[in-house]
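Here's the letter readout for the chains.
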Amino acid sequence: MSRALGLGLAVALSACGSEPAPVSLVSDDAAPALRSLDYDFVTYSAGLANSTQALALTSVALGRIGFVSIDEPPLLVSSIAIEHMQLRSDGHTLSSLEPDTWTFLARRTDEGAVDALWFPADMPSESQSLVRFLVAQLQVTTADVEPAEEQAPLGPLLARYYTLSHFVLRAVLRVRCSVSGVHVRDATLFLADQLGSIVVGSGQLVLAEVGERDDIASVSVAVARRRSVAVLPASALPQLRAEIEALSLTPPLPLLELPISEADKIAMRRDAESWASIRARLLVVGDVVDPQLVSRAAAHLMNDEALVFELRQLAHDPATSKSAAGAMSIALGECGTQACQDALVVMLAREGQVRVDVLAGITRVLAPSASVADRLIELGEDGDDMTRAALGIVLARLFVVDPVAATTRVEGIVSGLDRCPTQLDPWFGTLGNAGLPAAKPALLACLDGDDVPDARRASAVSAMRRIPGADVTKTLVRVVVEEPGFAVRGAGLRALASRDLGDGELAPLVAVQTSDWGVSEQGLLLDVIERVAEPGEVVAVLLERGRQFENDEIAARATQLAAMLSE
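Residues numbered from 1 in each chain as written. Predicted model: local features only at pLDDT ≥ 70, side-chain atom pairs only at ≥ 80, totals over all residues. Heavy atoms only, no water.

Student: Explain the overall build of the protein to me, and be specific about the residues and the numbers.
Tutor: In terms of regular secondary structure, the protein is built from 20 helices and 13 strands. The 567 residues of the protein split such that 46% are buried. With an accessible surface of roughly 26100 Å², the protein has 55% of that area assigned to carbon and sulfur atoms. (Helix = DSSP H or I, 4+ residues; strand = E, 2+ residues; numbered from the N terminus. Buried < 20%, exposed > 50% of the residue type's maximum accessible area, 1.4 Å probe, protein only. Areas by Shrake-Rupley, 256 points an atom, 1.4 Å probe, with all protein chains shown as cover.)

Student: An account of the nonpolar core is requested, with residue identities and associated values reported.
Tutor: Formed by 99 residues in total, the largest nonpolar core has its most connected members in Leu301, Leu332, Leu443 and Leu506. Excluding residues that lie within four positions of it along the chain, leucine 332 makes contacts with Leu301, Val308, Leu311, Cys340, Ala343, Leu344 and Met347. Counting residues in each nonpolar core, the second largest holds 26 residues, with Tyr39, Ile82, Val114 and Ala222 among its members. (Core = buried A, V, L, I, M, F, W, Y, C linked by side-chain atoms within 4.5 Å. Contact = heavy atoms within 4.5 Å.)

Student: An account of the pairing of strand β6 (residues 114–118) is requested, with residue identities and associated values reported.
Tutor: Among the five residues in β6, four count as buried, and that is most of the element. Sheet analysis places strand β5 (residues 100–108) next to β6, joined by four bridges and oriented antiparallel. By the bridge assignment, alanine 106 is partnered in β6 with leucine 117. Bridge count between β6 and strand β13 (residues 253–254): two bridges; the pairing is antiparallel. (Pairing = 2+ DSSP bridges.)

Student: A description of the packing of aromatic side chains should follow, citing residues and the corresponding values.
Tutor: To describe a pair of aromatic rings, you give the distance between the ring centres and the angle between the ring planes. All told, the structure shown has one aromatic pair when counted by the stated rule. Relative to phenylalanine 119, the ring of phenylalanine 104 has its centre 6.0 Å away and its plane inclined at 45 degrees; by these criteria the two rings are tilted. Of the two residues, phenylalanine 104 sits in strand β5 while phenylalanine 119 sits in the loop between β6 and α1 (125–137), which places them 15 residues apart along the sequence. With a relative accessible area of 5%, phenylalanine 119 lands in the buried category. In this structure, arginine 388 is placed above the aromatic ring of tryptophan 427, and the distance from its NZ or CZ to the ring centre is 5.5 Å. (Phe/Tyr/Trp six-rings, centres within 6.5 Å; stacked < 30°, edge-to-face > 60°. Lys NZ or Arg CZ within 6 Å of the ring centre and 35° of its normal.)

Student: Would you mind going over the pairing of strand β3 (residues 75–89) in detail, with residue names and values included?
Tutor: Across eight bridges, the pairing between β3 and β5 is antiparallel. Note that in β5 the partner of serine 79 across the bridge is threonine 103. As judged from the five bridges shared by β3 and strand β4 (residues 92–97), these two strands associate in the antiparallel manner. Across the sheet, arginine 88 pairs through a bridge with threonine 93, a residue of β4. Hairpin connection between β3 and β4: a loop of two residues separates the two successive antiparallel strands, and aspartate 90 in this loop has a positive phi of roughly 55 degrees.

Student: Outline helix α14 (residues 440–448), supporting the account with residue identities and numerical values.
Tutor: When α14 is considered as a whole, its buried residues turn out to be Lys440, Ala442, Leu443, Ala445, Cys446 and Leu447. Tucked inside the fold, the buried residues of α14 contact α12 (403–414), α13 (428–434), α15 (454–463) and α16 (470–482).

Student: Before we move on, can you summarise the state of the cysteines with the specific residues and values?
Tutor: For the coordinates displayed, the defined rule picks out two disulfides. With its sulfur 1.9 Å from that of its partner, cysteine 420 forms a disulfide with cysteine 446. Looking down the S-S bond of the cysteine 420 and cysteine 446 bridge, the torsion is 95 degrees, so its handedness is right-handed. In this pair, cysteine 420 is assigned in the loop between α12 and α13 and cysteine 446 in helix α14, connecting sequence segments 26 residues apart. Judged by its relative accessible area of 3%, cysteine 420 is buried. By sequence order of its bonded cysteines, the protein has the disulfide arrangement 1-2, 3-4. (Disulfide = S-S within 2.5 Å.)

Student: Run through the side chain of serine 220, naming residues and quoting values.
Tutor: Its place among the elements puts serine 220 in strand β12 (residues 214–231). Given the relative accessible area of 6%, serine 220 is considered buried.

Student: Please set out helix α6 (residues 305–316) residue by residue, giving values where relevant.
Tutor: Taking 1.5 Å of rise per residue, the 12 residues of α6 would be expected to cover 16 Å, and the 17 Å separating its terminal C-alpha atoms lies within 8% of that figure. Taken as a whole, α6 has its buried residues at Leu307, Val308, Leu311, Leu314 and Ala315. End-on view of α6: buried residues confined to an arc of 125 degrees, all on one side of the axis. Structurally, α6 contributes buried residues whose contacts are with α4 (275–283), α5 (291–303), α7 (322–335) and α8 (338–347). Capping the start of α6, aspartate 304 holds a side-chain oxygen 3.0 Å from the backbone nitrogen of alanine 306, two or three residues further along. (Expected span 1.5 Å × (residues − 1). Arc of directions from axis to C-beta. Polar contact = N/O pair within 3.5 Å; in protein donor to acceptor, adjacent residues only side chain to side chain.)

Student: Residues and numbers for the environment of aspartate 71, please.
Tutor: If you trace the backbone, aspartate 71 turns up in the loop between β2 (55–70) and β3. Along the backbone, aspartate 71 and leucine 34 are 37 residues apart, and their C-alpha atoms lie at a distance of 9.5 Å.

Student: Lay out the pattern of salt bridges in plain terms, naming residues and giving numbers.
Tutor: With the rule as written, the count across this model stands at 21 salt bridges. Put simply, glutamate 310 and arginine 279 hold a salt bridge, and the shortest N to O gap is 2.6 Å. Highlighted residues: glutamate 310 in helix α6 and arginine 279 in helix α4, separated in sequence by 31 residues. Of the residues examined, arginine 279 reaches a relative accessible area of 31% and is grouped as partly exposed. For arginine 364, the salt bridge identified is with glutamate 334, shortest N-O distance 2.7 Å. (Salt bridge = Lys/Arg side-chain N within 4 Å of Asp/Glu carboxyl O.)

Student: Describe a nonpolar patch on the surface, listing the residues and the values that go with them.
Tutor: Among the surface-exposed residues, Tyr44, Leu205, Leu207, Val219, Val221 and Val223 lie close enough to one another that they form a single nonpolar patch of about 470 Å² accessible area. Counting residues per element, the ones that place at least two in the nonpolar patch are β11 (198–211) and β12. Per-element tally for the nonpolar patch: the top contributor is β12, with three residues. Mapping valine 221 onto the fold places it in strand β12. (Patch = residues over 30% accessible without salt bridge, like charges linked within 9 Å, V, L, I, M, F, W, Y side chains within 5 Å.)

Student: So, the packing of helix α9 (residues 353–362) against helix α11 (residues 385–401): which residues are in play, and what are the values?
Tutor: Where α9 contacts α11, the axes come no closer than 10 Å and their chain directions differ by 10 degrees. Classified by the angle between their axes, α9 and α11 sit roughly parallel to one another. On α11, the residues touching Arg355, Val356, Leu359 and Ile362 of α9 are Met386, Thr387, Ala390 and Val394. Of the residues belonging to the contact of α9 with α11, the class tally is six nonpolar, one polar and one charged. (Axes fitted to C-alpha atoms, helices over the stretch in contact; angles between N-to-C directions. Parallel < 35°, antiparallel > 145°, perpendicular 65-115°, else oblique. Nonpolar A, V, L, I, M, F, W, Y, C, P; charged D, E, K, R; others polar.)

Student: Would you mind going over the environment of glycine 47 in detail, with residue names and values included?
Tutor: Along the polypeptide, glycine 47 turns up in strand β1 (residues 35–49). Measuring from C-alpha to C-alpha, the distance between glycine 47 and threonine 58 comes to 6.5 Å, with 11 residues separating the pair along the chain.

Student: Outline the environment of threonine 250, listing residues and values.
Tutor: Along the polypeptide, threonine 250 turns up in the loop between α2 (237–247) and β13. Using a relative accessible area of 16% as the deciding quantity, one classes threonine 250 as buried. Threonine 250 sits 130 residues away from proline 120 along the chain, and the two C-alpha atoms are 7.3 Å apart. Here the side chain of threonine 250 touches leucine 247 through a polar contact of 2.7 Å, landing on its backbone oxygen.

Keep in mind that these numbers describe shape and distance, not what the molecule does.
In structure tokens:
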């Protein structure tokens with residue numbers, strides 16, 4: 001019997017995902033003595049999912065878990081007795097479990113790690129999730145100094161393991177980062193019992209940037225204290241065989257659960273608090289708005305257009321405070337459905353702080369419609385700078401869902417303004433926030449005209465910062481090289497510092513006497529250098545010159561960047 005089979009964790013029927021056949025133990029005569037290992041466990045986790053929509057969760061569970069490991073087939077026949085389990089958010093209990101005991105199976109791969117689990121059909125999903133969490137946290141992979149790619153719910157991760165062994169304890173530190181796609185970083189410390197590689201504790205920190213307004217941060221701790229190790233009596237084998245045969249008839253589930261879907265997050269927020277409670281809280285909100293209140297209100301609004309009409313009426317009610325009306329606008333923006341967008345458009349008729357809050361709500365809409373952009377264009381033509389700034393954000397997001405509609409609106413804004421007239425001045429902020437290629441001809445005209453004032457040229461350069469394309473980068477580099485005035489050159493440096501750059505794209509800067517620049521421009525140059533994805537010879541030359549700058553702080557920063565490049 002392998003001593004490494006315990007919670008180091010093992011289990012295998014057939015290939016992952018295939019339909020398993022009923023399993024039976026090897027004959028009683030041929031089987032070695034089986035051991036039962038039992039543990040007390042405690043788990044705690046705290047996380048913040050969707051940081052700008054603020055779904056904060058905490059969970060705690062405790063109980064007992066036991067394992068009987070089998071070499072052939074390589075299984076762990078396991079049981080879990082849950083004494084307490086509760087999931088909470090913002091003081092509200094989302095789910096809890098009554099004490100109960102369940103049996104499950106786990107499957108081991110050739111490398112000795114668990115990759116699948118079998119649960120009884122009537123086992124609650126919360127209990128299944130707890131088992132998955134426990135097994136994942138209490139499973140020590142064999143340490144390997146070489147980087148290895150591992151699969152995780154958010155995609156492949158590059159993992160490195162570091163081991164420290166002691167007479168009674170083995171510690172393994174795992175550090176992982178994303179290979180591609182979602183940006184994930186996590187670190188896990190495993191503490192393993194030397195008697196059979198049984199983990200007695202682990203702590204994990206995870207940071208993931210899933211997408212816009214969809215970040216995840218979590219801290220998890222799991223501790224399992226061994227209660228007993230006992231030889232399983234022969235009289236227990238029939239019951240063990242029956243449990244294996246019954247459980248192996250159910251479909252296997254992968255060890256790692258998929259991340260919570262957006263639809264599930266919305267449903268959880270909606271279930272966390274009734275609309276009546278949310279409505280009451282919105283009406284008495286103060287200057288500081290609870291983001292969880294907003295996200296829960298939005299979850300209800302997405303599901304019921306009647307509530308959208310109700311909230312719009314409340315926002316227009318003179319008895320509703322300005323702060324409450326502002327919170328309602330933010331909730332409508334977080335909702336983002338067409339009904340919620342239509343309500344925000346109607347509310348744009350309000351003036352003062354309420355209008356400001358409505359615009360803030362509109363900028364939270366991830367998939368705005370063309371009708372919202374059209375209304376903002378109308379208001380922007382009347383000279384509202386804040387509306388024009390919000391319009392740029394809306395156009396950038398509209399381009400994602402409807403490129404033709406967004407391009408048409410930008411073309412309408414710059415139509416007839418191809419000679420950089422003063423009429424273009426109010427729209428530079430809009431075009432910069434939008435960052436759409438359709439604005440490029442009008443902005444380039446501001447750089448080509450000899451009679452265009454520096455202030456307007458600088459505004460045009462700033463507005464090009466988000467417009468994609470190597471030709472735009474080339475134009476910005478040319479501006480930095482050729483423009484004699486600080487205003488335009490500084491705008492070019494700031495625009496470059498917000499773009500992804502290649503080493504060769506900065507080659508024209510080598511011919512510039514950057515030592516003659518002011519301190520602020522030299523600092524901006526270093527900001528630009530930090531944007532180069534793969535620094536090469538050009539960056540090396542620029543940093544070597546930067547080390548000679550007269551300003552000690554700038555020179556020290558250049559020296560530090562050069563040292564990092566040489567590592």
